[in-house]
Amino acid sequence: MKRREFVKKSVGAGFVTGTALAFGSINNLFGKVPLPDSPADLVAVKGGNPGQMFDRGIEVLGGIEKFVKPNQTVVIKPNIGWDRGPAQAANTNPQLLTRIIEHCLKAGAKEVRVFDHTCDVWTKTYKNSGIEKAVKDAGGKIVPGNTEGYYQKVDIPKGVKLTSAKVHELILESDVFINVPVLKHHSSSRLTISMKNLMGVVWDRRFWHRNDLHQCIADYATYERKPDLNIVDAYNVMMRNGPQGVSVSDVVNMKTQILTTDMVAADAAATKFFGSNPADVLYIRKANEMGVGEIDLEKLTIERIMI
Amino acid sequence: MQYTSLKKLRVIISMVFFVLITLVFIDYRNIIPEEFTRGALYLQFIPSLLKFINLLSVSVVGFIVVLVLTFVFGRVYCSSICPLGVFMDVVSFFSRKLKKKKKRFRYKKPHNILRYSLLAITVIFFAAGSIYFILLLDPYSNFGRIITYFVNPVIILVNNGVASILGSFNVYAIFPVEIQSVRFELWIYPLLFLILVTWMSFTDGRLFCNIICPVGTLLGLLSRFSLFKIRFDEENCTSCGLCARVCKSDCLDFKEQIIDYSRCVECFNCLPVCPSDAIKYTYKKTGYHNSGIKKIKTDSLPDDHDKKKRKFLTLLLSVFTGSAIGSIKLDTQEEYKDSTVPEEKEFPVTPPGSLSIRNFTHNCTACGLCVSACPSDVLQPSFKEYGLTGMMQPHMDYHTGYCNFECTRCSEVCPTGAILSVPEDEKTRIQMGIAKFVKENCIVHTEKTDCGACSEHCPTKAVKMIPYEGDLLIPEVTDDICIGCGACEFACPTTPFKAIYVDGHSIHEIAKEPEEEKLEKLVEEDEFPF
C-alpha cells in the first residue's frame, strides 16, 4: 500500500512541482533552461560566507518562495558521504544547510528533511560532518538512509545502462527536492557536483561502478524526479585526493556558490573552477547529449554576484 | 530468619551485574561510554586475568579483587558477579515456577575427576600458549556469545520492526540496523552451550559451575579456606533437611552436617530457611567441620563429555563447510562479466590495537563484545581464518564492512587485552595489512570504463588513480601509507572476486603519514572563470 502510494506521489510530483521541470524539458529543445519568472538561468555568487551567498543568490532567483510553497514538504540532499569534519570540505557546508532550511521554513514549508546514503558509518558521518546538529538547530529533520527498506524501486526509461534503481522514499514523496552538493575533486568520476551527488539517493551504488560509472550518472540524471533546485557549495573546495580528502591541505577557500535548476549547467560551471573543460568530464557531456541540461555556458544567462 | 536480608543483598548485587553486563553487550547504538563498559566488566575473572598477564598493569587487577573476595567470603563471584551464573539462577528460578512439583535439591557427591581434569586441561593448554579451552569454557565469554549470537539479533529485529512502523509516520528517532548474518556453523557451539547450560540449570541448579566451569573449580580451591563460611551449629540442628533442599550446588549434607566449600557459591539460600538457627554465615568456626570430601567414582557423568561435544561439532562443521552464503543479485540487467582471479590472502586481518595475530589469538576469548560494539560491522566471528582453535575469534571481514578511519571502539571495549587501547591519532597509522590490487579483476581493465570506488573510499589515498589506457584511470597502491582498513576491498564492486583486497600482517606495522604538498591556486579570488 505504501509502495503504491509512493508511485502515485512520484508521478504526481512530476505535475505538482514540475512546472520548472516541464518547462525544462520543453526548453531543452531550444537548448535553454530558464527559471520561471527569472532572467537568470544560473546564479554564481562569490566572496561571502555560505549563508550570505545563499541569501543573495536565492534573492536573484526570486526567493525560495519560487520553489517552496506553504505547507509543502521539502527534502534536502546534501553530500554527507564521509566521516570528516567540516574543515576538510568532504561534506556539504553545515552553515549553508542551516540557512537553506531557515529559508524553507520561513516560506511555510511543513517539514524540511535531510538525508544522505553515506559511505562511512552513517551515525558517525552525520555527527562529525556537523550536519546533524546544523539541521536540528535550524528546525529541520535529519533522516537515516542506511537501510534498503527506505528505498523504492523506480524505472529510468531513458537510462542506457541504468534502467531502474532503488530510490530513497523521501525523494519520491516530498513536494520539493533541493540538491545541495559540495564541489570536490573525485577519484572515480573526476569531479563530484550535482549529478554525482544524486548517487547518494539510490541504494545500490556498486552497480553504477560495475556498469560504466559515467553512463550511470548521466542515466540517473534523466530520471523524472529531478531536483527542483541545485545549490553547489563551493565555499571550501577539495582540490585533490577527493572525494574524501587526506587533510585540510587539500582544501582551498573558494567562497563560491552556484544556484540553478539545471544540473548540467551547474556542473559545467563548477568544472571551470578546476580549470577543466566541462565536456572532458564524461558524465557531464553524456547528460547534456541525453537532453538533461545545457553544457555550453555561452548559451546561458548567468548572473554573477560579488560580495 | 535473620539472614533474609543477606540473601536479598546477594540477589540485588547479582541482578545489578547481570543487567549492566547485558546492557554492555546489547548496546548496538554505541550509547554506552567506554568507562562504563570497563567498569561493568572490571571484575570478570578471565578477561581481567588475561589483560593483567598481557599488560602487567595495576589498572586491571579485577581478578585479584575476585581472589581476595573469594578468600574472604567464598565463591561470591559465582553467585553475584558471573553473568552466566546469574543467568543459570534465572533459569533455575523459572524452572521452579514452571514445575508442578517443586524441585528439591539434595546433597550429591562432587564430580572431582571431571572438574579437576577440565581445570587442569585448561591451565595446561593456557600455559602452553593456547587459549582454546578458556575460549570454550569461560563463563563470561560464553555469556557474551549467548547475547551476541542469540539475543542481539532478536533485539535488532524488534528495533527494526518498530523503526519501520515509526518510519511510515516519518518518525526517525529509532532507525533500522543491519543484522549481520553470521555463518550458521558458528552458531553451533554457542547454541549447544546454551542448551547445555539451560538444561543443567533447569534440572540441577549450579551443576555447570561445579563440574565444567574452570573458573568455578579454580575459585573452589580457594574458597575451601575462606574466612567467612556457612557453618552448622550442631547443637541447634534438628536435621530437618530444609537447607539441603534449597542448596543449588547440591553441596550441603545435612545428615553429616558437612558443606562442600569447594562447591558452595554463597547463594545464601540455606540460611533463611533454617527454622532453628542451626546454620550460620560466620567468620568464626563454631565447631570443626572438614570439607572432607571422599574420593568418589565419576561414572555417573562421562568425563569425555566435552570431547564428544567437540567431535560432534567437528563433524557438523565438515558437513557444512562447503556451504557459502549466496550472493544476492539485483534484478536489473547487468552487462558486467564476473571477475576471474581468486583473492589469495596469506593472513587474516586482526583489529587495530591487537598488535599481531599471535597476541590477538592468544588473548581473545571470543566473547563477542567487539563484534556487538563495532559500528562498521567489520568485526565478525571468524570461521576458519585462524584455524579450528580460533573459531569464533573475530576477524576484520571486509565483505561486511570496513574499519572506520578514526574509530577505536573495539579497542575501548575489549576486556581481555586481545585488542589493546589505542589513541585516535595512532590508530589512523596502524597498518593491519596491505591492499593488493588484482588488475585482471578490475573494472577499468575488463570493462574499459572508469570506476575508482576503491580510491574513493581510501582514507589515506594509498589507493590512487593513475593514468591508464586513453582517458581511463586505474588504481595503484602505495604500500607504506596503506593501513589495511579494507575500505577499498569493501567498496570494490567486482564479483565474485574483488579486484583489491587486504592481506593481513602477522605483526601490525606503522604506516607512514601521507605526504602533504602545497596546493596551487587555480582561480583568482575575485573573478569567475565563466
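## Observations concerning the overall build of chain A
So, point 1. Of the regular secondary structure elements, chain A holds 12 helices and 12 strands.
So, point 2. Residues classed as buried in chain A amount to 62% of the 307 residues present.
So, point 3. For chain A, the share of sequence-separated contacts (at least 6 apart) that also reach a separation of at least 24 residues comes to 74%.

## Describing the overall build of chain B
So, point 1. Summing up its helical and strand segments, chain B has 22 helices and 10 strands in all.
So, point 2. Looking at chain B as a whole, 45% of its 530 residues qualify as buried.
So, point 3. Sequence separation of 24 or more characterises 74% of the internal contacts of chain B that already satisfy a separation of 6 or more.

## Concerning the environment of A:Gly159
Residue and element names in this part refer to chain A.
So, point 1. Among the structural elements, Gly 159 can be located in the loop between strand S5 (151-155) and strand S6 (164-168).
So, point 2. Distance from Gly 159 to Val 232, taken between C-alpha atoms, is 24 Å for residues 73 residues apart in sequence.
So, point 3. In contact with Gly 159, other than residues within four places in its own chain, are Asp 219 and Thr 222.

## What about the packing of helix H4 (residues 62-73) of chain B against helix H12 (residues 214-223) of chain B?
A pair of packed helices is characterised by two quantities: the angle between their axes and the separation of those axes.
Residue and element names in this part refer to chain B.
So, point 1. Viewed as axis vectors pointing N to C, H4 and H12 meet at an angle of 45 degrees, and their least axial separation amounts to 8 Å. In this view, H4 runs oblique relative to H12, as classed from their interaxial angle. You can see that H4 and H12 cross each other, and the crossing is right-handed. Along the contact surface, H4 presents Leu 67, Thr 70 and Phe 71, while H12 presents Leu 219, Leu 222 and Ser 223.

## Description of the confidence of the model for chain B
So, point 1. Residues at a pLDDT of 70 or more form 89% of chain B, whose mean pLDDT is 88.
So, point 2. With pTM at 0.86, the complex prediction returns an ipTM value of 0.86.

## Describing the nonpolar core
So, point 1. If you look at the biggest cluster of nonpolar residues, it comprises 227 residues, and the most contacted ones within it are A:Leu97, A:Ile100, A:Tyr220 and B:Cys370.
So, point 2. Residues from two domains meet in this core; each of domain 1 (4-227) and domain 2 (337-510) of chain B gives at least three.

## Some thoughts on the interface of chain B and chain A
So, point 1. Counting residues at the interface gives 41 residues for chain B and 46 residues for chain A.
So, point 2. Counting residues per element, the side of chain B that touches chain A draws most heavily on helix H21 (residues 453-457) of chain B, at 4 residues.
So, point 3. Grouping the amino acids of the side of chain B that touches chain A by side-chain chemistry returns 20 nonpolar, 11 polar and 10 charged.

## Some details on the domain arrangement of chain B
Residue and element names in this part refer to chain B.
So, point 1. What the domain assignment lists for chain B is domain 1 (4-227) and domain 2 (337-510).
So, point 2. Domain 1 and domain 2 are separated by 31 Å when their C-alpha centres are compared.
So, point 3. Contacts between the two partners involve 35 residues from domain 1 and, on the opposite side, 24 residues from domain 2.
So, point 4. Among the elements of the structure, helix H2 (34-41), helix H3 (45-55), helix H8 (132-137), helix H9 (139-167) and helix H10 (185-204) are those that each provide at least two residues to the side of domain 1 that touches domain 2.
So, point 5. For the side of domain 1 that touches domain 2, the element with the highest residue contribution is H9, accounting for 7 residues.
So, point 6. In terms of residue class, the side of domain 1 that touches domain 2 is built from 16 nonpolar, 11 polar and 8 charged.

## Comments concerning H12(B)
So, point 1. For H12(B), a buried count of 7 out of 10 residues is recorded, marking the element as mostly surrounded by other parts of the structure.
So, point 2. Residues B:Pro214, B:Val215, B:Gly216, B:Thr217, B:Leu219, B:Gly220 and B:Ser223 constitute the buried set of H12(B).

## Some points on the packing of helix H11 (residues 263-272) of chain A against helix H12 (residues 282-289) of chain A
Residue and element names in this part refer to chain A.
So, point 1. The geometry of H11 relative to H12 is characterised by a closest axis approach of 10 Å and an angle of 145 degrees between their N-to-C directions. As for the relative orientation of H11 and H12, their crossing is left-handed in sense. Contacts between H11 and H12 involve Val 264, Asp 267, Ala 268 and Thr 271 on the former and, on the latter, Ile 284, Ala 287 and Asn 288.
So, point 2. Grouping the amino acids of the contact of H11 with H12 by side-chain chemistry returns 4 nonpolar, 2 polar and 1 charged.

## Considering unusual backbone geometry
So, point 1. Cis geometry marks the peptide bond from A:Gly242 to A:Pro243, where omega comes out at 5 degrees.
So, point 2. Among the secondary structure elements, A:Pro243 is positioned in the loop between strand S10 (229-238) and strand S11 (251-260).
So, point 3. One non-glycine residue, A:Asn241, lies in the positive phi region at around 60 degrees.
So, point 4. Structurally, the position occupied by A:Asn241 is in the loop between S10 and S11.
So, point 5. Using a count of 26 C-beta atoms within 10 Å as the deciding quantity, one classes A:Asn241 as buried.
So, point 6. Even without being glycine, B:Asn30 reaches a positive phi, approximately 55 degrees.
So, point 7. Position of B:Asn30 among the secondary structure elements: in the loop between helix H1 (4-25) and H2.

## With respect to H11(A)
So, point 1. A large share of H11(A) lies buried, amounting to 9 of its 10 residues.
So, point 2. A:Met263, A:Val264, A:Ala265, A:Ala266, A:Asp267, A:Ala268, A:Ala269, A:Ala270 and A:Thr271 are the residues of H11(A) that are buried.

## Quick look at the confidence of the model for chain A
So, point 1. Confidence along chain A averages 89 in pLDDT terms, with 88% of residues attaining 70 or more.
So, point 2. With pLDDT under 50 throughout, residues 1-35 of chain A is counted as low confidence; its partners more than four residues away or in other chains account for 50 contacts.

## Considerations on the environment of B:Arg183
So, point 1. For B:Arg183, the location among the structural elements is in the loop between H9 and H10.
So, point 2. Between the C-alpha atom of B:Arg183 and that of B:Ser382, which follows or precedes it by 199 residues, the distance is 9.1 Å.

## Notes on the environment of A:Tyr235
So, point 1. With respect to the helices and strands, the residue A:Tyr235 is situated in strand S10.
So, point 2. If sequence neighbours within four positions are ignored, A:Tyr235 has contacts with A:Pro50, A:Asn93, A:Leu96, A:Met254, A:Lys255, A:Thr256 and A:Gln257.

The rules behind these values
Residues numbered from 1 in each chain as written. Chains lettered and ligands numbered in written order. Predicted model: local features only at pLDDT ≥ 70, side-chain atom pairs only at ≥ 80, totals over all residues. Helix = DSSP H or I, 4+ residues; strand = E, 2+ residues; numbered from the N terminus. Buried ≥ 20, exposed ≤ 12 C-beta atoms within 10 Å, placed from the backbone. Contact = placed C-beta atoms within 7 Å. Axes fitted to C-alpha atoms, helices over the stretch in contact; angles between N-to-C directions. Parallel < 35°, antiparallel > 145°, perpendicular 65-115°, else oblique. Left-handed = near helix turned anticlockwise from the far one by under 90°. pLDDT = per-residue confidence, 0-100. Core = buried A, V, L, I, M, F, W, Y, C linked by C-beta atoms within 7 Å. Domains from an automatic or database assignment. Nonpolar A, V, L, I, M, F, W, Y, C, P; charged D, E, K, R; others polar.

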